[in-house]
Amino acid sequence: MLMEIDRLIGNRGEFEGQKRDRIHYPKQLLAAEKNPDKEYDLICRIVEEYANFQSDSAFVYIEKGKKAALRNKDNGQLLENRFQYIFVCAQSGLMTESLSVLDQLQVYYKEMSREQRAMYYVLYERLYMNLREYAENSHMEVVYAAREKEYNDSILVYLDETVPLYGYHTCKKYYMEGRHEEAFGPIQHYLACIDTLSNDAARAYYQLSLLYK
């Protein structure tokens, strides 16, 4: 298995090429798209592809998405765009900026749908997960871990149980509570429902690796 991992790492260039192809296609569609809502959706798709790949390019398209949402006068699109901005900031290590924008969005909380509230808490949970990982072996690790668990519990309140993401966060809840055997079922169900080559799957496989560890 270690030799197979080494082989895959050696093929990094091939995988990067495949990733760039996945980004190039929606860019081509975007160049020809005239429908404002479809244009916004394509920009979101490009941001998602760049989010864990090239943060500088992700920020460029987040700004394009913001302008498109403002042109469309669509508050739902604008909120989604801010969610993307927060996520990429946190992934890039810009924790203070991420937390600042999350706090700014609190005034819109009452207007959010259940799904939007769930995603709002997902962003808080991921932010504190990142902070916990940065603070590993320090006195702040326990503090951030507690906040991460608190927001994970909040996610489960607002997520519909039929949504695949519910399985992922149920697994995290069981894992953080030390209920490791119970955590396998939800994460395996989640993986069976999503694209196994997606960023979401990568995070799920990481969570699965923690269970096996």
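Here we summarise the structure given alongside this text. Predicted model only: the values in this text are computed from it and were never measured. (Residues numbered from 1 in each chain as written. Predicted model: local features only at pLDDT ≥ 70, side-chain atom pairs only at ≥ 80, totals over all residues. Heavy atoms only, no water.)

**Comments concerning the pattern of salt bridges**
Here is step 1 of the chain: Applying the stated criterion across every chain, the model contains 16 salt bridges.
Here is step 2 of the chain: Glu49 is the partner of Lys19 in a salt bridge, and the nearest nitrogen-oxygen pair spans 2.7 Å. Taken as a pair, Lys19 in helix α2 (residues 12-32) and Glu49 in helix α3 (residues 36-51) lie far apart in primary sequence, 30 residues in all. Each member of the pair, Lys19 as well as Glu49, is classed as buried.
Here is step 3 of the chain: Of the charged contacts, one joins Arg132 and Glu148 as a salt bridge, the two residues approaching to 2.5 Å between their closest N and O atoms. Of the two residues, Arg132 sits in helix α7 (residues 114-134) while Glu148 sits in helix α8 (residues 140-158), which places them 16 residues apart along the sequence. (Salt bridge = Lys/Arg side-chain N within 4 Å of Asp/Glu carboxyl O. Helix = DSSP H or I, 4+ residues; strand = E, 2+ residues; numbered from the N terminus. Buried < 20%, exposed > 50% of the residue type's maximum accessible area, 1.4 Å probe, protein only.)

**Considering the packing of aromatic side chains**
Here is step 1 of the chain: With the rule as written, the count across this model stands at 14 aromatic pairs.
Here is step 2 of the chain: Aromatic pair Tyr168 and Tyr190: ring centres 5.5 Å apart, planes at 45°, arrangement tilted. Of this pair, Tyr168 sits in helix α9 (residues 164-176) while Tyr190 sits in helix α10 (residues 180-193), and the two are 22 residues apart along the sequence.
Here is step 3 of the chain: Among the residues examined, Tyr168 registers a relative accessible area of 5% and is labelled buried.
Here is step 4 of the chain: Overall, the relative accessible area of 3% leaves Tyr190 in the buried class.
Here is step 5 of the chain: Following the ring pairs from residue to residue traces out a cluster consisting of Phe83, Tyr109, Tyr120, Tyr121, Tyr124, Tyr128, Tyr144, Tyr151 and Tyr158. (Phe/Tyr/Trp six-rings, centres within 6.5 Å; stacked < 30°, edge-to-face > 60°.)

**A short note on the nonpolar core**
Here is step 1 of the chain: Formed by 60 residues in total, the largest nonpolar core has its most connected members in Tyr120 and Ile187.
Here is step 2 of the chain: A total of nine residues in this core trace back to one element, the largest contributor, which is α7.
Here is step 3 of the chain: Other than its neighbours up to four places away in sequence, Ile187 contacts Gly167, Tyr168, Cys171, Ala204, Gln207, Leu208 and Leu211. (Core = buried A, V, L, I, M, F, W, Y, C linked by side-chain atoms within 4.5 Å. Contact = heavy atoms within 4.5 Å.)

**Observations regarding the state of the cysteines**
Here is step 1 of the chain: Scanning all chains against the criterion turns up zero disulfides.
Here is step 2 of the chain: Note on Cys44: no disulfide assigned, nearest cysteine sulfur contributed by Cys89 at a separation of 16 Å. (Disulfide = S-S within 2.5 Å.)

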